[in-house]
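A structural walkthrough
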Amino acid sequence: MGGFRATRFWLPEGQEIQLLDAGFMTDRADLLEAANPEAKALSNLAGIDCLVLIGEPGLGKTTEMKAEYHRVYADLPDEDRALLVELGFTRVASELREAIFESEQFQEWLKGDGRLHLFLDSLDEARMRLETAAKILIRGLEEAPHQRLSIRLGCRSADRHEALEGELRGWFPGERFAVRELAPLTRADVAAAAVAQGVDPDKFVGEVISSELQSLAMVPESLKFLIEVHRETGKI
């Protein structure tokens, strides 16, 4: 959403989100710590080598992954490499292998001593069969130096691949592996998005609450629709 960038939080998969702010997830530090103490920004999970990042459609996983890639890339040591691959653009097996394992970044990493920060976005959107994409990833990564590898794998919650995640858990044992789920927007995020689109935030958020539309307003794609309706009609 143009002009608007939220600070998003990630939770352990399946953790119930406490909607303590008039039906919204709160971003107040005191309430957030009490209600969802494990809620972390993606940058604060940098110490976990392998993250499977899940969430519902339209929640903003791709936006978050790209922002984290750019953050990592900006501070990259000379010996490290970073690679972002949007799996939704790969149509056949050869394209996927070329984009990752034949890339300049991957090949330079194999020959060097640094770390590779590998961002694989939208596994569920790969235009080949999910099973095929998963097998290519497993074969390409199984002999890699996992001690020098960081992976961020994005996927819709309903389309995860059990075998691939099993291999990742084996390569990154214990606390080196985790699954995190993207939390919805907070009330403050919704208000900021309204401001960015020239809408009175208090009036808009008040209408969301009175209409009990918080569940829609907390999802970026449907929030954009609600704001557009408000701009055109003056109400929701």
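Here, every reference points to the structure presented above.
The text that follows walks through the structure, step by step, so that each part is easy to find.

For strand β6 (residues 177-182), the tally of buried residues reaches five of six residues, placing the bulk of the element in the interior. Of the pairings in the sheet, the one linking strand β1 (residues 10-12) to β6 comprises three bridges and is antiparallel in character. Within the sheet, the bridge partner assigned to Leu 11 lies in β6 and is Glu 181. With five bridges connecting them, strand β2 (residues 50-55) and β6 associate as parallel partners. Bridge assignment links Val 52 to a residue of β6, and that residue is Val 179.

Let's shift gears to the packing of helix α3 (residues 93-100) against helix α5 (residues 130-141). The angle between the axes and the distance between the axes are what describe a pair of packed helices. Interaxial distance between α3 and α5 falls to 10 Å at its minimum, and their mutual angle equals 35°. Relative to α5, the crossing made by α3 is right-handed. Mapping the contact onto sequence places Ala 93, Leu 96, Arg 97 and Ile 100 in α3 and Ala 133, Ile 136 and Leu 137 in α5. The residue inventory of the contact of α3 with α5, partitioned by class, reads six nonpolar, no polar and one charged.

Structurally, Arg 152 can be placed in strand β5 (residues 149-156). One buried charged side chain, Arg 152, makes no salt bridge at all; its nearest oppositely charged neighbour is Glu 68, positioned 5.5 Å away. Of the polar contacts made by the side chain of Arg 152, one reaches the backbone oxygen of Leu 45; its length is 3.4 Å. Engagement of the side chain of Arg 152 in a polar contact is seen with the backbone oxygen of Asp 49, the distance being 3.1 Å.

This brings us to the side chain of Asp 121. Position of Asp 121 relative to the elements: it lies in strand β4 (residues 116-121). There is no salt bridge for the buried Asp 121, and the closest opposite charge comes from Lys 66, which lies 5.9 Å off by N-O distance. For Asp 121, the contacting residues outside a window of four places in its chain are Thr 62, Met 65, Val 85, Glu 86, Leu 87, Gly 88 and Gly 154.

The next subject is the pattern of salt bridges. For the structure shown, the criterion picks out ten salt bridges. Among the salt bridges present, the one from Asp 124 reaches Arg 156, with a minimum N-O distance of 3.3 Å. One end of the pair, Asp 124, is in the loop between β4 and α5; the other, Arg 156, is in strand β5, with 32 residues separating them in the sequence. The partner of Arg 156 in a salt bridge is Glu 125, with the nearest N and O atoms 4.0 Å apart. Highlighted residues: Arg 156 in strand β5 and Glu 125 in the loop between β4 and α5, separated in sequence by 31 residues.

Moving on to the state of the cysteines. Considering all chains together, one arrives at zero disulfides under this definition. Summary of cysteine pairing: Cys 50 is not part of a disulfide, and the nearest cysteine sulfur, belonging to Cys 155, is at 13 Å. Relative accessible area serves as the criterion here: at 0%, Cys 50 is assigned to the buried category.

Conventions and cut-offs
- Residues numbered from 1 in each chain as written.
- Predicted model: local features only at pLDDT ≥ 70, side-chain atom pairs only at ≥ 80, totals over all residues.
- Heavy atoms only, no water.
- Buried < 20%, exposed > 50% of the residue type's maximum accessible area, 1.4 Å probe, protein only.
- Helix = DSSP H or I, 4+ residues; strand = E, 2+ residues; numbered from the N terminus.
- Pairing = 2+ DSSP bridges.
- Axes fitted to C-alpha atoms, helices over the stretch in contact; angles between N-to-C directions.
- Left-handed = near helix turned anticlockwise from the far one by under 90°.
- Contact = heavy atoms within 4.5 Å.
- Nonpolar A, V, L, I, M, F, W, Y, C, P; charged D, E, K, R; others polar.
- Lys, Arg positive; Asp, Glu negative; His and termini not counted.
- Salt bridge = Lys/Arg side-chain N within 4 Å of Asp/Glu carboxyl O.
- Polar contact = N/O pair within 3.5 Å; in protein donor to acceptor, adjacent residues only side chain to side chain.
- Disulfide = S-S within 2.5 Å.

Worth remembering: the numbers are spatial, not functional.
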